[in-house]
Structures are given as structure tokens and as C-alpha cells.
Amino acid sequence: MEKNKKIVIANWKMQLSPAEASLQAKNFKKLYNKAGLEKKVEVAIAPDFLSYLEVAKVFAGSNIFLAAQNGYSETKGAFTGEISLATLKETGCTYVLIGHSERRQFFAETDESINNKISFALQQDLIPVLCIGETFADRKDGRKDVVVMQQVQNALRGIDIKPSQTLIIAYEPVWAIGSGQAMQPAELKHTAMIIRQSLIDVLEDKDLPLVKIIYGGSVNSENISSFTDLDIISGALIGGASLEAEKFIDLIKQI
Ligand code: 13P
């Protein structure tokens, strides 16, 4: 992945049926190619797992990357309901979201399981997209910076990452997700600097990999450039505004 290229990742969550996902993927591919945006912005799409192989077929041989919303940190075994990160790699996946706040909140994802997943994803040469972010309560308690620092450090402690590998940190304040209320760019810049420092601290004396910090939480075509114009922000993780191909392309064009 290129150092200075911005990246936009669409998280389709559990919002589209396989037929809808396939249609949106096909529409998006047409519009993306026509717009000639690939030199400026890399795009990855994370469909749900039932749509995943169909969407993979649509994007095969194109310049649109495939991402997964989750994955498990073992190659094979008796893990009912899980999908291995190794299998994802085999089926053309490039990026994997790890520790999304919805997984932490609704599926009891812990710092320990997140750390295992990051480690295993890197072993498979997948690019982990570590998702972090404080809740509204953390913020009201004045704990935002501490929570973010701890999430970075717990996710990455002891991780073996090569300088040639890439790590993406998606900072998504939980209160900003799906609320229509995005973070202000000035505060984002401050928080991104804390994230970067926490990362340098936890990776200690290791040579740093390529790290990209991206923002997520109520990003739309009106506000995206206020985030991606910041030098420290390399792109965005988009939920609601990525579900319709035409609207998603309009958003990407604003970067
Ligand atoms: P929204 O863009 O809908 O706020 O969702 C953000 C998100 O959770 C992406 O992972």
C-alpha cells in the first residue's frame, strides 16, 4: 500500500442482503472505474460474510480491495460460527476490521482477543484495521485520551510486526457512529497525535511499520474533506454513507 495514498473503507455491517450487496458492488465498480479515482484514493469494501464471496467475484481483477468485518485467530478447528483469518486471506481478502466497537459492545470482544487477532492477521499478511474509540460516558468522565491510549497499547502489546507491513488504526468515537454527529477536526487531530504516540510507545524500539490513522463516525460527503485534509489522517471508515454506490462515489470524490 502506498504511503501517501488516502484510503476509504466501507463497512457494510449487516445492512445489505446478498442480492443488494452484489448490486451495489457492481454499480460501485462501474462508477469507480469511470471516475478514475484509483490513483488518489484506495477503496476497500467490507460486506457481510454471506455476501462476501459474491462481492469478491465482482471485484476480482479490479482495483477495489476486499475487507472483512471480523475474522478468527486460528487456522482450523472446532470454533462454531467463526471464519478463519487464514481462510479470508485465501479468498482474496486484503484488509480486516478488528475490534470494531459493535463487536466490543455486542459480542464481548476483549483486548486479549483483539490482540490475538491482530497478531494472527499479520502472520497471514492481512492488513489489520484496528478499530478504537471512546464511549460518550468515557468522554463525560474526562477519560477519552486514556481510553484511546489503552486500547492502542492493549491491542498491540507484544505484537510482531515487520517494517514492511502496514497497520491501519481506525479511530471511531462510539458516540459519533451512526449519530449524525462527527468529531470536530481540531479534536481529531489532537486525538490522532495521542494515538500515534501510544503506538510508538507500545512498539518500543521496533522499526515502525507503515501506519495509517483513519477516522470513522458519521462521515459524509459534506464533512469528509475536513478530516482527510489533516496530514495525520489517511482516510476514513464509512458506515451508512457507503451503502449506495452513487452516494459513496460522491463522497470519495470530495477527498
Ligand atoms: P457511520 O458512518 O454510519 O457513522 O458508521 C461508522 C462505522 O461504524 C464504520 O465502521
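Higher on the page you've got the structure.
What you are looking at is a predicted structure, and each value in this text was computed from that prediction instead of being measured.

Asker: Run through the environment of Leu130, naming residues and quoting values.
Answerer: Mapped onto the fold, Leu130 is located in strand S5 (residues 127–132). Residue class for Leu130 comes out buried when judged on its relative accessible area of 0%. It is 23 Å that separates the C-alpha atoms of Leu130 and Lys76, two residues lying 54 residues apart in sequence. Leaving out residues up to four positions away in the same chain, Leu130 has contacts with Ile98, Arg104, Ile114, Ile118, Ala155, Leu156, Ile168, Ile169 and Ala170.

Asker: I'd love a proper account of the site of the ligand, names of residues and values included.
Answerer: Near the ligand, the surroundings consist of 13 residues, among which Lys13, His100, Glu172, Gly178 and Ser218 are the closest. One of the side-chain nitrogen or oxygen atoms of Lys13 is found 2.8 Å away from an oxygen atom of the ligand. In this structure, an oxygen atom belonging to the ligand sits 2.8 Å away from a side-chain N or O atom of His100. The protein chains hide 94% of the 310 Å² of surface that the ligand would expose on its own.

Asker: Requested: an account of the pairing of strand S1 (residues 6–11), with residues and values cited.
Answerer: For S1, a buried count of six out of six residues is recorded, marking the element as mostly surrounded by other parts of the structure. Burial of the side chains of S1 extends over both faces: Lys6, Val8 and Ala10 are buried on one face and Ile7, Ile9 and Asn11 on the other. Inspection of the sheet shows S1 paired to strand S2 (residues 41–46) by six bridges, in the parallel sense. For Val8, the partnering residue across the bridge sits in S2 and is Val43. For S1 and strand S8 (residues 235–238), the ladder comprises four bridges, and the chain directions are parallel. What sits directly across from Val8, in S8, is Ala236.

Asker: A description of the side chain of Ser234 should follow, citing residues and the corresponding values.
Answerer: Relative to the assigned elements, Ser234 resides in the loop between helix H9 (224–228) and S8. The buried category is assigned to Ser234, whose relative accessible area is 14%. Not counting residues within four places of it along the chain, the set of residues in contact with Ser234 comprises Lys5, Lys6, Ile7, Lys212, Ile213 and Ile214.

Asker: Describe the packing of helix H1 (residues 18–35) against helix H10 (residues 245–253), and please don't skip the residues or the numbers.
Answerer: Between H1 and H10, the shortest axis-to-axis distance is 9 Å and the interhelical angle comes to 35 degrees. Handedness of the crossing formed by H1 with H10: right-handed. Contacts between H1 and H10 involve Gln24, Asn27, Phe28, Leu31, Tyr32 and Ala35 from the first element and Ala245, Glu246, Phe248, Ile249, Ile252 and Lys253 from the second. Class assignment for the residues of the contact of H1 with H10 results in eight nonpolar, two polar and two charged.

Asker: Residue-level account of the pattern of salt bridges, with values.
Answerer: Two side chains that carry opposite charge are able to pair once their charged atoms sit near each other. If you walk through the whole model with that rule in mind, you get ten salt bridges. Of the charged contacts, one joins Arg103 and Glu109 as a salt bridge, the two residues approaching to 3.2 Å between their closest N and O atoms. Here Arg103 falls in the partly exposed class, since its relative accessible area comes to 22%. On the basis of relative accessible area, Glu109 is assigned to the buried category, the value being 10%. Linking Glu134 and Arg139 is a salt bridge whose minimum nitrogen-to-oxygen distance equals 3.5 Å.

Asker: An account of the packing of aromatic side chains is needed here, citing residue identities and associated values.
Answerer: All told, the structure shown has six aromatic pairs when counted by the stated rule. Measuring from ring centre to ring centre gives 4.5 Å for Tyr215 and Phe227, while their planes differ by 40 degrees; the resulting arrangement is tilted. In this pair, Tyr215 is assigned in strand S7 (residues 210–216) and Phe227 in helix H9, connecting sequence segments twelve residues apart. Residue Tyr215 shares its accessibility class with Phe227, and that shared class is buried. Of the aromatic side chains, those joined through ring pairs into one cluster are Phe28, Tyr32 and Phe248.

Cut-offs applied
- Residues numbered from 1 in each chain as written.
- Predicted model: local features only at pLDDT ≥ 70, side-chain atom pairs only at ≥ 80, totals over all residues.
- Heavy atoms only, no water.
- Helix = DSSP H or I, 4+ residues; strand = E, 2+ residues; numbered from the N terminus.
- Buried < 20%, exposed > 50% of the residue type's maximum accessible area, 1.4 Å probe, protein only.
- Contact = heavy atoms within 4.5 Å.
- Near = heavy atom within 4 Å.
- Polar contact = N/O pair within 3.5 Å; in protein donor to acceptor, adjacent residues only side chain to side chain.
- Areas by Shrake-Rupley, 256 points an atom, 1.4 Å probe, with all protein chains shown as cover.
- Pairing = 2+ DSSP bridges.
- Axes fitted to C-alpha atoms, helices over the stretch in contact; angles between N-to-C directions.
- Left-handed = near helix turned anticlockwise from the far one by under 90°.
- Nonpolar A, V, L, I, M, F, W, Y, C, P; charged D, E, K, R; others polar.
- Salt bridge = Lys/Arg side-chain N within 4 Å of Asp/Glu carboxyl O.
- Phe/Tyr/Trp six-rings, centres within 6.5 Å; stacked < 30°, edge-to-face > 60°.

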